[in-house]
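Per-entry structural report
Next come the chains, spelled out residue by residue.
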Amino acid sequence: MKFVDLIKPSAIKVINTASSKKRLLHDVADLAMAAYGIDADTAVEALMERESLGPTGVGHGVTLPHARIAGIDDVLGVFLLLEKPINFDSVDRQPVDVVFGLFAPEDAGVEHLKALALVSRTLREESVCAKLRANHDPATLYTILTESHSVQAA
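So, here is what we can say about the structure in this document. This one's a predicted model, so the numbers in the text were calculated from it and none came from an experiment.

Side note on helix α3 (residues 40-53)
Taking 1.5 Å of rise per residue, the 14 residues of α3 would be expected to cover 20 Å, and the 20 Å separating its terminal C-alpha atoms lies within 8% of that figure. Among the residues making up α3, those that are buried are Ala 40, Ala 43, Val 44, Ala 46, Leu 47 and Glu 51. The buried side chains of α3 occupy one side of the element, clustering within an arc of 165° when seen end-on. Projecting away from the buried face of α3 at angles above 90 degrees are the exposed residues Asp 41, Glu 45, Glu 49, Ser 52 and Leu 53. Buried residues belonging to α3 abut α2 (21-36), β4 (66-69) and β6 (96-105). Backbone nitrogen of Asp 41 and a side-chain oxygen of the N-cap are separated by 3.3 Å at the start of α3; the cap is Asp 39. Taken from the residues just after α3, Gly 54 is the one with a positive phi, measuring 155°.

Focus on the pairing of strand β5 (residues 76-86)
Working note: regular strand, side chains alternate between the two faces of the sheet. Burial of β5 is extensive: 8 of the 11 residues sit out of reach of the surface. Here strand β1 (residues 12-15) runs beside β5; their pairing, made up of 4 bridges, is parallel. Counterpart to Ile 15 in the pairing with β5 is Leu 82. Inspection of the sheet shows β5 paired to β6 by 7 bridges, in the antiparallel sense. Within the sheet, the bridge partner assigned to Ile 86 lies in β6 and is Val 96.

A look at the pattern of salt bridges
Counted under the stated rule, the structure contains 5 salt bridges. The shortest N-O distance in the salt bridge between Lys 21 and Glu 51 comes to 3.0 Å. Here Glu 51 lies in helix α3 and Lys 21 lies in helix α2, a separation of 30 residues in the sequence. Both residues of the pair, Lys 21 and Glu 51, belong to the buried class. Among the ionic contacts, a cluster of salt bridges with common partners joins Lys 21, Glu 51 and Asp 89.

The rules behind each value
Residues numbered from 1 in each chain as written. Predicted model: local features only at pLDDT ≥ 70, side-chain atom pairs only at ≥ 80, totals over all residues. Heavy atoms only, no water. Helix = DSSP H or I, 4+ residues; strand = E, 2+ residues; numbered from the N terminus. Expected span 1.5 Å × (residues − 1). Buried < 20%, exposed > 50% of the residue type's maximum accessible area, 1.4 Å probe, protein only. Arc of directions from axis to C-beta. Contact = heavy atoms within 4.5 Å. Polar contact = N/O pair within 3.5 Å; in protein donor to acceptor, adjacent residues only side chain to side chain. Pairing = 2+ DSSP bridges. Salt bridge = Lys/Arg side-chain N within 4 Å of Asp/Glu carboxyl O.

See below:
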């Protein structure tokens, strides 16, 4: 699995800030609807349900909200960069500004896990996050995500 298989250029957005964790999840769902046609209400509900199991803020300003959605055929990603970080109940209690949302088919199984591993491994690299934070052009962000990390997931 490669980043280019997870996300398309229209699924990347820079926003000033979100007023809350819930608002940010709505922003993730709205972007998924705009880019892939995923029903925003269904996506928000699924993301909130997943967050209730434990926060997806993985630390160092990064969060990976994810959910399984009926009616989609592939694992799909959206990326948001916040100009102003917000509290997201992350494991390290640091605010988040790098957001990669993943949506998987209900029966995705290992593909969902491979996608999460790829995104997590990539966004754990300080150099990648530094490049992402330094660029606010969606096309540049897409290039950073897809070209420099097109290695295969395990």
